[in-house]
Amino acid sequence: MPVASDLDSIIFWLDLIGVVVFAVSGALTASRKQMDVVSFALIATVTGIGGGTIRDVLLDRTPVFWIANPFYLAIGCGAALIVFFTAHVVESRYRVLLWADAAGLGLFCVIGAETALASGAPVGVAVLMGVITATFGGLVRDVLCAEVPLILRREIYATAAALGAATYCLLDALGVGRDLTVILAFLAGFGLRAVGLAFGLSLPAYRGRPGRDYGDGRPD
Amino acid sequence: MPVASDLDSIIFWLDLIGVVVFAVSGALTASRKQMDVVSFALIATVTGIGGGTIRDVLLDRTPVFWIANPFYLAIGCGAALIVFFTAHVVESRYRVLLWADAAGLGLFCVIGAETALASGAPVGVAVLMGVITATFGGLVRDVLCAEVPLILRREIYATAAALGAATYCLLDALGVGRDLTVILAFLAGFGLRAVGLAFGLSLPAYRGRPGRDYGDGRPD
Amino acid sequence: MPVASDLDSIIFWLDLIGVVVFAVSGALTASRKQMDVVSFALIATVTGIGGGTIRDVLLDRTPVFWIANPFYLAIGCGAALIVFFTAHVVESRYRVLLWADAAGLGLFCVIGAETALASGAPVGVAVLMGVITATFGGLVRDVLCAEVPLILRREIYATAAALGAATYCLLDALGVGRDLTVILAFLAGFGLRAVGLAFGLSLPAYRGRPGRDYGDGRPD
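Residues numbered from 1 in each chain as written. Chains lettered and ligands numbered in written order. Predicted model: local features only at pLDDT ≥ 70, side-chain atom pairs only at ≥ 80, totals over all residues. Heavy atoms only, no water.

## Some thoughts on the overall build of chain A
- Scanning chain A from N- to C-terminus turns up eight helices and zero strands.
- In sequence order, chain A lays out its α and β elements as α-α-α-α-α-α-α-α.
- On C-alpha atoms alone, chain A measures out to a radius of gyration of 18 Å, which is about the 17 Å that the 2.2 N^0.38 rule sets for 220 residues.
- Projected onto its principal axes, the C-alpha coordinates of chain A cover approximately 55 × 45 × 35 Å. (Helix = DSSP H or I, 4+ residues; strand = E, 2+ residues; numbered from the N terminus. Rg over C-alpha atoms; globule rule 2.2 N^0.38 Å.)

Next comes the structure, spelled out in structure tokens:
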């Protein structure tokens, strides 16, 4: 298996791929809302860089990664343009959107945890940072587009991000090599989400009863 | 009345209690949406630490409090777990959620104002910081769960947070002892919100007329 | 044409006007939701300072502008009060809201781009920062008030902000004087948005097909 020997290089590439796939998910959401091409570029870019931006702000890493390297923005805009002209050939844009989001989730939970550990944060913080990095880009996308946040959907979502981030922390603590750690943690996060998506699986949910709605907007 | 003599200790404990009650409100919202246990933990933790995180980022306090002390995250997850297994015994989860949110609002408007003043900010900034700290954790919760933000509900909400923060600033300026200042400011903020909740009271609202809806999504 | 000769002074005044018009748009949204006067003040202030706050946090400019100069908060509260007592005389509050938002968008895309360039950021970052500064205050307003984000409306929106910011960067690179650059860039951004609003114009949008809804909440 060809594996880059340089961690920074691996992280750079994973980050780049993560921005691309999240940007695609953002552009597909924009297509479903019939936006114009500039709005495509904005939604795609913000979705792509959103998770990493919150990560960098919380960890006080300055400058934020896309200010240090605006190539990320070009990547986001490029992905938006391609989707703008090709989305109609996809059979189900929503399905592709979900899978792009899943790939981004797998990548960003690893990068979030890695960055947090590298800045000296303890394990609990690293896991949460992985989950936040993996989910908040998509959250900004869903808020901008007035969509139901994916975390509300039944299939395993936050759990997959938490598993990926926790796997990274565990393997890192065990002294496993970084390349392998990154790959296994990505497979854990993405894999669990993929299982949830492919089979419509969900974890046992809270089953007290759904919130009742008394008709005055004050449920349960 | 047994009162801690050390301000930092008081603030630490109030912060901790605020995180717990907001986490409970987040977990109860998750229960109403029938989420799985990891989503419970995420929503609860993010709701608990959300207000303080925005406070620390805006005041450029680094590291953010829960990165410096990840015990807060354990507290949030613990609260989520307890709610996951016990929420069904509560008669009205929404009612408990509202009261937990009210307690958190009272605590966080005080802590927000205190932190802002301690960092040298003027009074106007301290009041706004109190309100933002008290309301934005719940806002993130409501956005994540696609709920109507509590600020849109009729009962006194932002007003209570503003009163608590302003009370803190006033008593602090008058040279009242800190323990007493913290306690009275909390009682002012929580008390006003409690009155609003218990009696369904609201301040006189703007009464021009509600926004009309022309049927094309362009009301009034 | 009377033009201030001092850039900082121009920027200060434009920033102030931008906060006022966005605060007015926030207060009008609060009026349409029949909120009380303190909620008016909160929504108006947060809408007014939201875009610039995100700009300052992302660029790591400390302290955030309204912490350094709380006069901005007084301006926001004052605008909220005036709207609270006068909104009923306006024939269409929603129309005024849209135009106030348009003026703020024109001002803030210029200020966002200017601030980013002044902090050494490259052109791509400056354009995105202009768009984010111009649109995120309104986004926070719409989220707080559970309104459909303006970016989802059909009329040219993000495109106008991008044009204004790009115009600023272009004229700045060409060595045009700063006063003229600011004025022309504002006219470009606000003008394009005004054309969109006045004539209901929109750019060609993605026209594959709207997202289908399969009835289970999983459209297309």
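So, next bit.
## A few points about the packing of helix α5 (residues 93-118) of chain C against helix α6 (residues 123-144) of chain C
Residues and elements named next belong to chain C.
- In contact at an axis separation of 7 Å, α5 and α6 are set at 145 degrees when each is read in the N-to-C sense. Relative to α6, α5 is oriented so that their crossing is right-handed. Between α5, through L97, D101, L105, F108, C109, G112, A113, A116 and L117, and α6, the contact on the second element is made entirely by A126, M129, G130, T133, A134, T135, G138 and R141.
- The residue inventory of the contact of α5 with α6, partitioned by class, reads 10 nonpolar, five polar and two charged. (Axes fitted to C-alpha atoms, helices over the stretch in contact; angles between N-to-C directions. Left-handed = near helix turned anticlockwise from the far one by under 90°. Contact = heavy atoms within 4.5 Å. Nonpolar A, V, L, I, M, F, W, Y, C, P; charged D, E, K, R; others polar.)

## Observations regarding the interface of chain C and chain B
- Taken together, the contact between chain C and chain B spans 40 residues of the former and 33 residues of the latter.
- Approximately 3100 Å² of surface area, both sides summed, lies buried where chain C meets chain B, with 65% of it carried by carbon and sulfur atoms.
- At the boundary of chain C with chain B, the tally comes to zero salt bridges.
- Taken together, chain C and chain B are joined by zero residue pairs in polar contact (both at pLDDT 80 or more).
- Ranked by the residues each element gives to the side of chain C that touches chain B, the list is headed by helix α2 (residues 37-58) of chain C, at 11 residues.
- Counted by class, the side of chain C that touches chain B contains 23 nonpolar, eight polar and nine charged residues. (Buried area = accessible area lost by both parts, 1.4 Å probe. Salt bridge = Lys/Arg side-chain N within 4 Å of Asp/Glu carboxyl O. Polar contact = N/O pair within 3.5 Å; in protein donor to acceptor, adjacent residues only side chain to side chain.)

## Focus on helix α5 (residues 93-118) of chain A
Residue and element names in this part refer to chain A.
- Over its 26 residues, α5 extends 37 Å from the first C-alpha to the last, a length consistent with the 38 Å expected when each residue adds 1.5 Å.
- Of all 26 residues that make up α5, 21 are buried, and the element is covered over most of its length.
- Residue G120 follows α5 closely and has a positive phi angle near 95 degrees. (Expected span 1.5 Å × (residues − 1). Buried < 20%, exposed > 50% of the residue type's maximum accessible area, 1.4 Å probe, protein only.)

## Some thoughts on the relation of the copies chain C and chain B
- The operation relating chain C to chain B is a screw motion whose rotation component is 120 degrees, with 0.0 Å of axial translation and a residual RMSD of 0.0 Å. Look at the turn and shift together and you get a three-fold axis relating the two. (Least-squares fit on C-alpha atoms with pLDDT ≥ 70 in both.)

## Let's talk about the interface of chain A and chain C
- Contacts between the two partners involve 40 residues from chain A and, on the opposite side, 33 residues from chain C.
- The interface formed by chain A and chain C contains zero salt bridges.
- Connecting chain A to chain C are one residue pair in polar contact (both at pLDDT 80 or more).
- Secondary-structure elements contributing two or more residues to the side of chain A that touches chain C are α1 (7-32), α2 (37-58), α3 (65-68), α4 (71-86), α5 and α6 (123-144) of chain A.
- Sort the elements by how many residues they give to the side of chain A that touches chain C and α2 of chain A lands first, with 11 residues.
- Looking at side-chain class alone, the side of chain A that touches chain C contains 23 nonpolar, eight polar and nine charged residues.

## Considering the packing of aromatic side chains
- Per the stated rule, a full pass over the model turns up 18 aromatic pairs over all chains.
- When the ring of F40 of chain B is compared with that of F84 of chain B, the centres are 4.8 Å apart and the planes differ by 90 degrees; the resulting orientation is edge-to-face. Remark: F84 of chain B occurs in helix α4 (residues 71-86) and F40 of chain B occurs in helix α2 (residues 37-58); sequence separation between them is 44 residues.
- For F84 of chain B, a relative accessible area of 13% translates into the label buried.
- Here the aromatic rings of F186 of chain B and F190 of chain B are separated by 5.4 Å at their centres, their planes lie at 5 degrees, and the arrangement is stacked. Placement of both F186 of chain B and F190 of chain B in helix α8 (residues 178-199) is noted, with a separation of four residues, approximately one turn of the helix.
- Classification of F186 of chain B by relative accessible area gives partly exposed; the value is 23%.
- Taken together, F40, F84 and F85 of chain A form an aromatic cluster joined through their ring pairs.
- Between R55 of chain A and the ring centre of F65 of chain A, over which it is positioned, the NZ or CZ distance is 5.4 Å. (Phe/Tyr/Trp six-rings, centres within 6.5 Å; stacked < 30°, edge-to-face > 60°. Lys NZ or Arg CZ within 6 Å of the ring centre and 35° of its normal.)

## As for the environment of G196 of chain C
Residues and elements named next belong to chain C.
- Tracing the backbone through its elements, the reader meets G196 in helix α8 (residues 178-199).
- Residue G196 is classed as buried on the basis of its relative accessible area of 0%.
- If sequence neighbours within four positions are ignored, G196 has contacts with E155, I156 and L201.

## What to know about a nonpolar patch on the surface
- Nonpolar side chains collect at one region of the surface, where L180, L184 and L187 of chain A lie side by side and expose about 260 Å² of accessible area between them.
- Tracing the backbone through its elements, the reader meets L180 of chain A in helix α8 (residues 178-199). (Patch = residues over 30% accessible without salt bridge, like charges linked within 9 Å, V, L, I, M, F, W, Y side chains within 5 Å. Areas by Shrake-Rupley, 256 points an atom, 1.4 Å probe, with all protein chains shown as cover.)

## A short note on the side chain of S39 of chain A
- Locating S39 of chain A in the fold gives a position in helix α2.
- On the basis of relative accessibility, which here comes to 4%, the residue S39 of chain A falls in the buried class.
- Not counting residues up to four positions away in its chain, the partners in contact with S39 of chain A are I151 and A158 of chain C.

## Examining the pattern of salt bridges
- This model, assessed by the stated rule, comprises 23 salt bridges over all chains.
- Across the salt bridge formed by R55 of chain A and D56 of chain A, the nearest N and O atoms sit 3.1 Å from each other. Taken as a pair, R55 of chain A and D56 of chain A share a single burial class, namely buried.
- R141 of chain B serves as the salt-bridge partner of D142 of chain B, at 3.1 Å between the closest nitrogen and oxygen.
- Owing to a relative accessible area of 5%, D142 of chain B belongs among the buried residues under this scheme.
- A relative accessible area of 0% places R141 of chain B in the buried class.
- When salt bridges that share partners are traced, they join D15, R55, D56 and R61 of chain A into one network.

## Quick notes on the environment of V64 of chain B
- By the secondary structure assignment, V64 of chain B is in the loop between α2 and α3 (65-68).
- With a relative accessible area of 2%, V64 of chain B lands in the buried category.
- Placed 38 residues apart in sequence, V64 of chain B and A102 of chain B show a C-alpha to C-alpha distance of 24 Å.
- Sequence-distant contacts of V64 of chain B, that is, excluding residues within four places in its chain, are made with L58 of chain A together with T53, D56 and V57 of chain B.

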